[in-house]
Amino acid sequence: MILLHHPEVELSRNLLAALPEGVAVVNWMAPEHDGYLGDPQPSAFPTVIVEVPAYADDRPLFGEGGEFLGMAAVLVPAHQEPLRLPASWDAVASFVASVENRASLRPAP
């Protein structure tokens, strides 16, 4: 996890003060953002970048003419997802628990 921190934002300062072990911090006011070149870029501060594990998801299948063929499980690859303006680390933990649960219930094919 990465906290994209802006020192002028109170919520960001609060999250930084309660930072869990193992969470990296990028100070957005530092030159070149402490070297963070990652994607996604924040749309607000604080933003926490969370690793989302791969999972299977049901998606509609369409034929060449646009006709609906049914539903199929497709792989959603592991990726990073931004959590915009999390109120607390408990809120972040609830999101992490949810995506991990989804991955265990719908493992990647």
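Just above, that's the structure.
As the structure is a prediction and not an experimental result, all values here were calculated from the model.

Next up on the list: the overall build of the protein chain. Per the secondary structure count, the protein chain includes two helices and six strands. The secondary structure elements of the protein chain, listed N-terminal to C-terminal, are β-α-β-β-β-β-β-α. Against the globule reference of 13 Å for 109 residues, the protein chain gives a C-alpha radius of gyration of 18 Å, more extended than a compact globule. With the C-alpha coordinates aligned to their principal axes, the bounding extent of the protein chain is approximately 50 × 30 × 20 Å. When each of the 109 residues of the protein chain is scored for burial, the buried share is 31%. Residue pairs in contact within the protein chain that sit at least 24 positions apart in sequence constitute 57% of those at least 6 positions apart. Taking the average location of the 5 positive side-chain charges in the protein chain and that of its 14 negative ones, the two points are 6 Å from each other.

About the criteria used
Residues numbered from 1 in each chain as written. Predicted model: local features only at pLDDT ≥ 70, side-chain atom pairs only at ≥ 80, totals over all residues. Heavy atoms only, no water. Helix = DSSP H or I, 4+ residues; strand = E, 2+ residues; numbered from the N terminus. Rg over C-alpha atoms; globule rule 2.2 N^0.38 Å. Buried < 20%, exposed > 50% of the residue type's maximum accessible area, 1.4 Å probe, protein only. Contact = heavy atoms within 4.5 Å. Lys, Arg positive; Asp, Glu negative; His and termini not counted. Charge placed at Lys NZ, Arg CZ, Asp CG, Glu CD.

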